[in-house]
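Here is how the chains run, residue by residue.
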Amino acid sequence: MKKYICLILSLLMIMSSVSVVSLAASDSLDDFAYSALLSDLEIIDVPSDGDSEPVSRGEFAQAVYNASHIEAMANGYEIPYEDVDATSKYYEGIYNIYAMGAISDSAIFRPNDAITANEALKIAVSVLGYNFLAKDLGGYPSGYVASANRLGLLSGVSTAEF
C-alpha cells in the first residue's frame, strides 16, 4: 500500500510542478503537460495532435482510482449521484473514490464538468488518507490546500489565489 501512496504522491508532485505558476480556485486542470503526463502513465488518452480538453471530474476520479491501484470496493455502496449510472465509463472510479469517502454526498456529481484545482486537491488528499488533517485545518477548501502544502503536493505552486 505504501508503494501506491508514494506513486500517487509522486504523480501529484510532478503534476503540481509542471509549468504551473498559480491556480485559482476556479481553474480547471487543462494544462497540456498535466494531460500529457496522465497519458504517458496510460491513465487517460490525449489526442496525437496534442489538442487536449480540460480534465473532467469523472476522468480525474477514474485517473486517481487507476493510478492508486486501490482495491475495488465490494458492491454494497450506492452512489447518490443521479447523473452517474453503472454504464458510465467513469463509474468504477467514481464508485470507489466515493466509497473511500473522497467525494461528498450530493444529488449530482457532474462527471463531465472540468475539475477545479480545489476539487482535485480534495480528492487527492482524501485518497492519500489525510482527510482528518484537512478537516482539522479548516475543511474544504482551505484545509485541503493546507494539507496538500504540508504533504509537499504543491511545492513550486503559488497558492495565493486558492
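Residues numbered from 1 in each chain as written. Predicted model: local features only at pLDDT ≥ 70, side-chain atom pairs only at ≥ 80, totals over all residues. Heavy atoms only, no water.

**Student:** Please explain the nonpolar core as it appears in this structure.
**Tutor:** Membership of the largest hydrophobic core comes to 21 residues, with the highest contact counts inside it found for Tyr81, Ile94, Ile97, Ile103 and Ile123. Listing elements by their share of this core, those giving two or more residues are α3 (57–68), α4 (91–99) and α5 (117–127). Once residues lying within four places of it in the same chain are set aside, the contact partners of tyrosine 81 are Ile94, Tyr98, Ile103, Ser104, Asp105, Ser106, Ala107, Ile108 and Phe109. Core analysis: the second largest hydrophobic core is formed by 9 residues, Leu128, Ala134, Tyr144 and Val145 among them. (Core = buried A, V, L, I, M, F, W, Y, C linked by side-chain atoms within 4.5 Å. Buried < 20%, exposed > 50% of the residue type's maximum accessible area, 1.4 Å probe, protein only. Helix = DSSP H or I, 4+ residues; strand = E, 2+ residues; numbered from the N terminus. Contact = heavy atoms within 4.5 Å.)

**Student:** Help me understand unusual backbone geometry, please; the structure alone is not making it clear to me.
**Tutor:** Glycine aside, residues mostly have negative phi, and peptide bonds are mostly found in the trans state. In this structure, proline 141 follows tyrosine 140 across a cis peptide bond, with omega equal to -5°. On the secondary structure map, proline 141 appears in the loop between α6 (131–136) and α7 (142–151). Backbone geometry at arginine 110 places phi at a positive 60°, although glycine is not the residue there. For arginine 110, the position within the fold is in the loop between α4 and α5.

**Student:** I tried to follow α4 on my own but got confused; where do I start?
**Tutor:** Side chains that are three or four residues apart share a direction in an α-helix, a result of its 3.6 residues per turn. Of all the 9 residues making up α4, 7 are buried; the element is thus mostly covered by neighbouring parts of the structure. Where α4 is concerned, the buried positions are Gly93, Ile94, Tyr95, Asn96, Ile97, Tyr98 and Ala99. Contacts from the buried residues of α4 go to α3 and α5. Within two residues after α4, glycine 101 carries a phi angle of roughly 90°, on the positive side.

**Student:** Sorry if this is basic, but what is going on with the packing of α5 against α7 here?
**Tutor:** What describes two packed helices is the angle between their axes and the distance between those same axes. Axis separation between α5 and α7 bottoms out at 9 Å; the angle between their running directions is 60°. One finds that α5 runs oblique with respect to α7. For the pair α5 and α7, the crossing hand works out as left-handed. Side by side, α5 and α7 meet where Asn118, Leu121, Lys122, Val125 and Ser126 of the first sit next to Tyr144, Val145, Ser147 and Ala148 of the second. When the residues that make up the contact of α5 with α7 are grouped by side-chain class, the tally is 5 nonpolar, 3 polar and 1 charged. (Axes fitted to C-alpha atoms, helices over the stretch in contact; angles between N-to-C directions. Parallel < 35°, antiparallel > 145°, perpendicular 65-115°, else oblique. Left-handed = near helix turned anticlockwise from the far one by under 90°. Nonpolar A, V, L, I, M, F, W, Y, C, P; charged D, E, K, R; others polar.)

**Student:** Please explain the packing of aromatic side chains as it appears in this structure.
**Tutor:** Each aromatic ring pair is characterised by the separation of its centres together with the angle its planes make. According to the stated counting rule, one finds 5 aromatic pairs in the structure shown. Relative to tyrosine 98, the ring of tyrosine 81 lies with its centre 5.7 Å away and its plane at 80°, an arrangement referred to as edge-to-face. Taken together, the residues span a long stretch of sequence, with tyrosine 81 in the loop between α3 and α4 and tyrosine 98 in helix α4 at a distance of 17 residues. For tyrosine 98, a relative accessible area of 14% translates into the label buried. Plain terms: the ring middles of tyrosine 140 and tyrosine 144 are 6.4 Å apart, the flat faces sit at 55° to each other, and that makes the pair tilted. Of the aromatic side chains, those joined through ring pairs into one cluster are Tyr81, Tyr98 and Phe109. When the ring centre of phenylalanine 109 is taken as origin, the NZ or CZ atom of arginine 57, which lies over that ring, is 4.5 Å away. (Phe/Tyr/Trp six-rings, centres within 6.5 Å; stacked < 30°, edge-to-face > 60°. Lys NZ or Arg CZ within 6 Å of the ring centre and 35° of its normal.)

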